[in-house]
Amino acid sequence: MAELEGLEFGKSDFVLLDEVNMEQFMENLQLRFEKGRIYTFIGEVVVSVNPYKQMDIYGKVAIEAYRGRELYENPPHLYAVADAAYKAMKRRAKDTCIVISGESGAGKTEASKYIMQYIAAITNPNQREEVESVKNVLLKSNCVLEAFGNAKTNRNDNSSRFGKYMDINFNFNGDPTGGHINNYLLEKSRVVQQHAGERNFHSFYQLLRGGTDDMLSNLHLQRNPEAYVYSKEGASVITVGHAEEEHQKLGFNDGSLHKAVLSAMKVIGFTSEEISSIYKIIATILLLGNLEFECDGEIVQLPGAGSVSHVAELTGTEPETVSKALLYRTVATGGGEVIEKGHNKLEACFGRDAFAKALYERLFAWIVGRINTVIEVKNYNPALHGKNTVIGVLDIYGFEIFDNNSFEQFCINYCNEKLQQLFIELILQQEQEEYHREGITWQHIEYFNNQIIVDLVEQLHKGIISILDEACLTVGKVTDTVCLETMNTKLGQHPHFTSRKHCPTDKTMDFQRHFRIRHYAGDVTYSIEGFLDKNKDPLFQDFKRLMYNSADPVLKEMWPDGQLSITEVTKRPLTAATLFKNSIIALVENLACKEPYYVRCIKPNDVKSPVLFDDARCRHQVAYLGLLENVRVRRAGFAYRQPYARFLQRYKMTCEYTWPNHLMDTDREAVEAIVTQHGFEGDVAYGHTKLFVRTPRSLFTLEQERAALIPILVLFLQKVWRGALARMRCRRMRAIYAIMGCYKRYKVKSHFFEVERRFASVRSMADYGKSVEWPTPPKVFCMRLTRLTHVSFRWRARRIIKNIPPSDMLEVRAKVAAMEALRGERPDWGFGRAWERDYLPKDCPQSSSNFMRASKDLKSKDQYSQILFSGSVRMLNWFNNTKDRGLVITDKHIYKLEPKKYKVHKKIPLDSVTGLSVTSDTDQVVALHTATQDDFLVYLQRGELCPNQDRIGELVGTLCDHFKRNNRIISEESLEVVVRGRGR
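Residues numbered from 1 in each chain as written. Predicted model: local features only at pLDDT ≥ 70, side-chain atom pairs only at ≥ 80, totals over all residues. Heavy atoms only, no water.

**A few points about the overall build of the protein chain**
For the protein chain, the helix and strand inventory stands at 33 helices and 28 strands. On C-alpha atoms alone, the protein chain measures out to a radius of gyration of 55 Å, which is more than a quarter above the 30 Å that the 2.2 N^0.38 rule sets for 984 residues. Along the first, second and third principal axes, the C-alpha set of the protein chain runs to 175 × 80 × 60 Å. For the protein chain, with 984 residues in total, the buried portion stands at 50%. (Helix = DSSP H or I, 4+ residues; strand = E, 2+ residues; numbered from the N terminus. Rg over C-alpha atoms; globule rule 2.2 N^0.38 Å. Buried < 20%, exposed > 50% of the residue type's maximum accessible area, 1.4 Å probe, protein only.)

**Considering the UniProt feature "binding site: ATP" (unreviewed entry) in the protein chain**
The UniProt entry lists Gly102, Glu103, Ser104, Gly105, Ala106, Gly107, Lys108 and Thr109 under the feature "binding site: ATP" (unreviewed entry), expressed in the numbering used here. Relative to the assigned elements, Gly105 resides in the loop between β3 (96–101) and α4 (108–122). Given the relative accessible area of 4%, Gly105 is considered buried. Sequence-distant contacts of Gly105, that is, excluding residues within four places in its chain, are made with Asn50, Tyr52, Arg155, Asn156 and Lys603. Mapping Ala106 onto the fold places it in the loop between β3 and α4. In contact with Ala106, other than residues within four places in its own chain, are Asn50, Cys601, Ile602 and Lys603. (UniProt positions renumbered as here; feature names shortened; annotations may be inferred. Contact = heavy atoms within 4.5 Å.)

**Some remarks on the sheet that holds strand β22 (residues 893–897)**
The strand order across the open sheet formed by 7 strands is β23-β22-β21-β20-β26-β25-β24, and the pairing between neighbours is antiparallel. On the outer flanks of this sheet lie β23 (904–909) and β24 (913–918), each paired with one strand and no other. On average, each strand axis in the sheet is tilted by 30 degrees relative to the strand beside it, whichever way the strands run. Against the sheet, helix α33 (residues 952–965) contacts β20 (867–876), β21 (882–890), β24, β25 (925–930) and β26 (936–940), and its axis sits at roughly 155 degrees relative to β24. (Pairing = 2+ DSSP bridges. Axes fitted to C-alpha atoms, helices over the stretch in contact; angles between N-to-C directions.)

**Remarks on the nonpolar core**
If you look at the biggest cluster of nonpolar residues, it comprises 111 residues, and the most contacted ones within it are Phe148 and Leu221. Take this core: its biggest share by element is 14 residues, from helix α14 (residues 345–375). Apart from residues no more than four positions distant in its own chain, Leu221 is found in contact with Leu207, Leu208, Leu216, Tyr228, Ala283, Leu286 and Leu287. In this structure, Val99, Ile464, Leu491 and Ala521 belong to the second largest nonpolar core, which totals 72 residues. (Core = buried A, V, L, I, M, F, W, Y, C linked by side-chain atoms within 4.5 Å.)

**Observations concerning the pattern of salt bridges**
Enumeration over the complete set of coordinates arrives at 46 salt bridges. A salt bridge links Glu347 to Lys341, with the nearest nitrogen and oxygen atoms 3.8 Å apart. The exposure class assigned to Glu347 is partly exposed, which follows from its relative accessible area of 29%. A salt bridge links Asp606 to Lys603, with the shortest nitrogen-to-oxygen separation between them at 3.8 Å. Relative accessible area serves as the criterion here: at 0%, Lys603 is assigned to the buried category. Residues participating in the shared-partner salt-bridge network are Glu103, Lys603, Asp606 and Arg617. (Salt bridge = Lys/Arg side-chain N within 4 Å of Asp/Glu carboxyl O.)

**What about the sheet that holds strand β7 (residues 176–184)?**
Strand order across the open sheet formed by 7 strands is β1-β2-β16-β3-β12-β6-β7, with mixed pairing between neighbours. Every other strand in the sheet has two partners, leaving β1 (39–42) and β7 as the edge strands with one partner each. Strand-to-strand twist in this sheet, taken as the mean axis angle between neighbours without regard to direction, amounts to 15 degrees. Both strand β6 (residues 163–170) and strand β12 (residues 389–395) contribute to a ladder of 7 bridges, which runs antiparallel. Looking at the pairing, Met166 lines up with Val393 of β12.

**A look at the packing of helix α26 (residues 644–651) against helix α27 (residues 667–678)**
The interhelical angle for the contact between α26 and α27, taken along N-to-C directions, is 45 degrees, at an axis separation of 9 Å. Taken as axis vectors, α26 and α27 run oblique relative to one another. Here α26 and α27 pass one another in a crossing that is left-handed. Where α26 abuts α27, its residues Tyr644, Ala645, Phe647, Leu648 and Tyr651 lie against Asp667, Arg668, Ala670, Val671 and Ile674. By residue class, the composition of the contact of α26 with α27 is 8 nonpolar, no polar and 2 charged. (Parallel < 35°, antiparallel > 145°, perpendicular 65-115°, else oblique. Left-handed = near helix turned anticlockwise from the far one by under 90°. Nonpolar A, V, L, I, M, F, W, Y, C, P; charged D, E, K, R; others polar.)

**Concerning the packing of helix α6 (residues 202–210) against helix α10 (residues 254–268)**
Running from N to C, α6 and α10 cross one another at 105 degrees; their axes reach a closest spacing of 8 Å. Taken as axis vectors, α6 and α10 run roughly perpendicular relative to one another. Facing Tyr205, Gln206, Leu207, Arg209 and Gly210 of α6, the residues of α10 in contact are Asp254, Gly255, Leu257, His258 and Val261.

**Concerning the pairing of strand β16 (residues 595–602)**
Most of β16 sits inside the fold, with 7 of its 8 residues counted as buried. Alignment of strand β2 (residues 45–49) against β16, held across 4 bridges, turns out to be parallel. Considered in β16, the bridge of Ser48 is made with Cys601. Relative to β16, β3 runs parallel, the two being bridged by 6 bridges. Across the sheet, residue Ile98 finds its bridge partner in β16, namely Tyr597.

**Here we look at unusual backbone geometry**
Positive phi, normally seen in glycine, also occurs at Gln512, with a value near 55 degrees. Note that Gln512 resides in the loop between β13 (497–499) and β14 (514–519). Given the relative accessible area of 52%, Gln512 is considered exposed. Positive phi values are uncommon outside glycine, yet Tyr768 reaches one of about 55 degrees. Here Tyr768 shows up in the loop between α28 (696–758) and α29 (782–802).

**Some thoughts on helix α1 (residues 22–34)**
Taking 1.5 Å per residue, 13 residues should reach 18 Å; α1 reaches 18 Å between its end C-alpha atoms and fits that length. For α1, every residue scored as buried is listed here: Met22, Phe25, Met26, Asn28, Leu29, Arg32 and Phe33. One face of α1 carries all of its buried residues, which in axial projection span an arc of 160 degrees. Along α1, exposed side chains directed more than 90 degrees from the buried face belong to Glu23, Glu27 and Glu34. Where α1 terminates, the next one or two residues include Gly36, which has phi positive at roughly 80 degrees. (Expected span 1.5 Å × (residues − 1). Arc of directions from axis to C-beta.)

**As for a positive patch on the surface**
Together, Arg727, Arg729, Arg731 and Arg732 make up a positively charged patch on the protein surface. For Arg727, the location among the structural elements is in helix α28. (Patch = residues over 30% accessible without salt bridge, like charges linked within 9 Å, V, L, I, M, F, W, Y side chains within 5 Å. Areas by Shrake-Rupley, 256 points an atom, 1.4 Å probe, with all protein chains shown as cover. Lys, Arg positive; Asp, Glu negative; His and termini not counted. Charge placed at Lys NZ, Arg CZ, Asp CG, Glu CD.)

**Let's talk about a nonpolar patch on the surface**
Taken together, the side chains of Met733, Ile736, Tyr737 and Met740 present a nonpolar region at the surface, about 370 Å² in accessible area. Note that Met740 resides in helix α28. On the basis of relative accessibility, which here comes to 34%, the residue Met740 falls in the partly exposed class.

**Points about the environment of Asn881**
With respect to the secondary-structure elements, Asn881 resides in the loop between β20 and β21. Contact partners of Asn881, with chain neighbours within four places excluded, come to Met875 and Leu876.

Here it is as structure tokens:
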């Protein structure tokens, strides 16, 4: 921080002061305020001074600068403490809370809003829709609650007139999943009466100045706050001629704020009917304030029926029942008889005001409850979703001292006493007690313990609240004055209580009216007038029944106690002071079980000036907030403490002697090894069960080293785990393959056994097993089945061939060759008849003797071994003429013979034949292709004896077989016929 902020801005942490005294503290605080540095640390406590102006230290850039950083890495800021609370919650799965305290006008509400905005900004990086919805509702709830719960006071333009504690629930990822809002002691008396210069709640002025004309017309309202008794005091603060200009100057813009509130309610989930009911209730309250009562003798009357009918219309009731509830009170006698007692004018006015206050109080409570139903954590299962952690944000009214302090200020100041007591116990008392308990050398620091003041207010049977309750329960006419006398009698000797009776010379107090309490924040004089009535909080049952019977379901929901009839006896309700005391005690207990972070707000002056620093005013606040004592404890104490086991668990990976597990006798020795290795011996102290670290920098160094090692450890664990997974997967795969192998062998063997069974007797079968059906093979054997069947076919062929005489083998071989060449190409190729090869003698029986002589001559001349094929053909010559000829093919030559005398017309070597072509039809056309490009194109004639013979197959088969046996290549290419070099 010293590097980020120069010395001209003062010390950014009061712990760094040269001397811890009030003068140096105030000098540093004023210097930082004048230099625009409104935040200063006291260790982890943030001291905030209200700047009374907009400052450019918030927004996305600032949020990114503080996200995930340690407290001392950046200048002091609300974002720093918010991030520290969030990190503690996320890292250690520990509930935390941020307590914002200070007197009215010190900037608590603004601080809570900035903290909420920061938490919303740093969560849900994956932009999950359900998480974004929760964040929007949490943020928008501030806008709605400010409108209905805040007001302008003489000290603060946006003063919270109720206490608010918000719990934000987070899942294990650190994303908000919901929340819950508790509200405390709404100042409902402000609805009917305000101090001079103050306003009613913002909601009244926002409706009157921001509502549309149609909306105001439907609500029977005028656009003028001065027209209504309950709002005219606030309207008179601003002159009529400069209303809008003054509003802008004061920071109010009721018109635009009204639109923002409507928008926020829609985002939260209020229905249009619910929003309509809310503003009907606001209008009802304004109209009630304008009701006037007149006396006609002893009878009280309402002179104007119009306003009553408007109230009845807005509340969904009948005008007669509204008038009756305002003018009469129904009372049940001891015998069960019900009578109606008329009010006098004072009672009627009191009842009207009490009704208006109760309407607003219940409306506000219903709004808070409605928001809670939207943001509550739904369908949460710890087993599935992990631990649900909480960050609490407390924004509650600050200490108040007015010219006229009444019951509300008494409760508010009691609340601040309880919060100060919590601060003392957690920051000052418990810390010093822990040092003593752990055996840490420590010089005790004196501080004021305000427990004595808390006891003065809340002690049973002796405290002021008990005296008030006793007076309210006493039968008979007990006045405020009598109650003050009881206080004087019981509390007269208390050092923090006094009155005019005990100090007759103190003329700042009046006899039988004032008493004074010496609070930790200063002396406050209270007026006893109205204490008992406000404590009783009386509201006639008639009003409750009237609202419960309303036709408006929203209004009816707010008054469940109205269902009781007048004769039903109910338990006396607790008084307002007791209810408030119980709620504050529960709040303090809730805060005490969380890890607290503090924002201490200071008001620099009473005139809302951004440049004025009232030294006396600020000095008083520093004194009663105990900030100087906090600095002394913090400076002499330790910033961090942790049980040895937890410290070791978090940082053991930073030391070679403790990772993964140490072999030392105790965890303390292992912790000492970590500290020694990092050189922090002078910055720590060893307690009986905990390690105490003095400065955050030592802890930050450990965190940095841990953060650097975590990815390495994660990678190592991933590597080991992936290896383990791979080995398990490998073992499984090996087992799978072994099982698959055994199963495959079983299936193959089963298949072989079945094949063996089916084909056992094929040797004795006539077809050698051709009719036997093969069993379906296993999938693994499908590819090998083709080979097996091929072997079977070859065996069967061999068996068949062995039975064929050698003289028929040439015909068989020729038919096989023809089948290979022509199967699927020609429908018939003569495979069903005997192939004789030499057909020329049979084609012309008359000239067969001539052929025999010619063949002998050719055989003796050309020395051929056998005639492969012969027959009568019709040949195409090179003049495109056809003539009958005789075709003789031997193993040496091809001869073209003249018919009848069989004279050789042409002879070509058989080796010069390059190809043979036939058609796919039944015709007998054959083309013999030669290397000399002088092909033979012939038509095989069937002869006189066998006119229907197909000889194409025989010719093809004979030549193919001959060429195969002579190692000539047989191909199936389409060739063009060429006669004497010309294509045909």
